[in-house]
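Spelled out, the chains give:
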Amino acid sequence: MMRLLKPVSVADTARLVRMCAQWLKDELGLEIVEYRIGNAFTGSIDILAVDRGRVYLVTVNTGRLSDAILESLTGYRWFCENSEFLHRVYRSGSIDLLQKPVLVLLSPEYPPEIHSVLRLGLAVEFRLFKYLVLGSEDEPDLYVEEAHGHEAATAPAAFDPAEIRRELGIEKAGLGDEEIVEFLAAVRGH
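Student: Got a minute to help me understand a negative patch on the surface in this structure?
Tutor: Taken together, Asp12, Glu137, Asp138 and Glu139 make up a surface patch of like negative charges. Along the chain, Glu139 turns up in the loop between β5 (125–135) and β6 (140–146). On the basis of relative accessible area, Glu139 is assigned to the exposed category, the value being 62%.

Pasting the structure below:
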């Protein structure tokens, strides 16, 4: 029997942000410092995270991409203006908020030219990730992959069907390698 994976919408934005934070911890090894820091007037950050060398200012897009980019940039400005204060408040053995910040945006989709536009327009480093929520509203599963620029998208990506089955938790679905390739192509928009 085949299990059909359908995209779902998570109405609770805070829940989606927590799911993304869990993915950042599990897959990128980041330490979550705080959620929803800042304010809507001067700038806010959905997830403030760190690793040993960087500070990550994460925005989770749940609406229009243009709004999420603006939120990310105003959050960056707010962070720069308040980084010394934040460093004093959150400083610990593993948390150093005076490190170089990286803007991270998680969004369901991006236009093809987004990397070149951001690279030309921003001095700050950025990373873009595409996410897809599958399953049901009650039991959602988050699938995330890094969105690479056009030059990276033309190179074939390494494909490990067993890893994909494990990551998505679909071992018992009996999907063949070809079905998984078709699914990934649909998710990536190819």
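Moving on from the model shown.
Student: Mind showing me how you'd approach the packing of aromatic side chains here?
Tutor: Here a ring pair, both rings aromatic, is described through the centre-centre distance and the interplanar angle of the planes. Summed over all chains, the structure comprises one aromatic pair. Summarising the aromatic geometry, the rings of Trp23 and Phe129 are spaced 5.3 Å apart at their centres and angled 65° between planes, so their arrangement reads as edge-to-face. One end of the pair, Trp23, is in helix α1 (residues 13–28); the other, Phe129, is in strand β5, with 106 residues separating them in the sequence. Each member of the pair, Trp23 as well as Phe129, is classed as buried.

Student: It is not clear to me how the sheet that holds strand β1 (residues 31–39) should be interpreted in this structure. Could you clarify?
Tutor: One open sheet accounts for six strands, arranged β1-β2-β3-β4-β5-β6; its pairing is mixed. Only two strands of the sheet have a single partner each, and these edge strands are β1 and β6. The average undirected angle you get between the axes of adjacent strands in this sheet is 30°. Along the sheet, α1 makes contact with β1, β2 (43–50), β3 (54–60), β4 (100–107), β5 and β6, crossing β6 at roughly 55°. Sheet strands touched by helix α2 (residues 65–90): β1, β2, β3 and β4. Its angle to β2, the strand with the most contacts, is close to 60°.

Student: Quick question: what am I supposed to make of the pattern of salt bridges here?
Tutor: Oppositely charged side chains are able to pair whenever their charged atoms sit close together. Summed over all chains, the structure comprises five salt bridges. The shortest N-O distance in the salt bridge between Asp46 and Arg36 comes to 2.1 Å. Of this pair, Asp46 sits in strand β2 while Arg36 sits in strand β1, and the two are 10 residues apart along the sequence. The structure contains a network of salt bridges with shared partners spanning Arg36, Asp46 and Glu71.

Here is what the cut-offs are and how they apply
Residues numbered from 1 in each chain as written. Predicted model: local features only at pLDDT ≥ 70, side-chain atom pairs only at ≥ 80, totals over all residues. Heavy atoms only, no water. Patch = residues over 30% accessible without salt bridge, like charges linked within 9 Å, V, L, I, M, F, W, Y side chains within 5 Å. Areas by Shrake-Rupley, 256 points an atom, 1.4 Å probe, with all protein chains shown as cover. Salt bridge = Lys/Arg side-chain N within 4 Å of Asp/Glu carboxyl O. Lys, Arg positive; Asp, Glu negative; His and termini not counted. Charge placed at Lys NZ, Arg CZ, Asp CG, Glu CD. Helix = DSSP H or I, 4+ residues; strand = E, 2+ residues; numbered from the N terminus. Buried < 20%, exposed > 50% of the residue type's maximum accessible area, 1.4 Å probe, protein only. Phe/Tyr/Trp six-rings, centres within 6.5 Å; stacked < 30°, edge-to-face > 60°. Pairing = 2+ DSSP bridges. Axes fitted to C-alpha atoms, helices over the stretch in contact; angles between N-to-C directions. Contact = heavy atoms within 4.5 Å.

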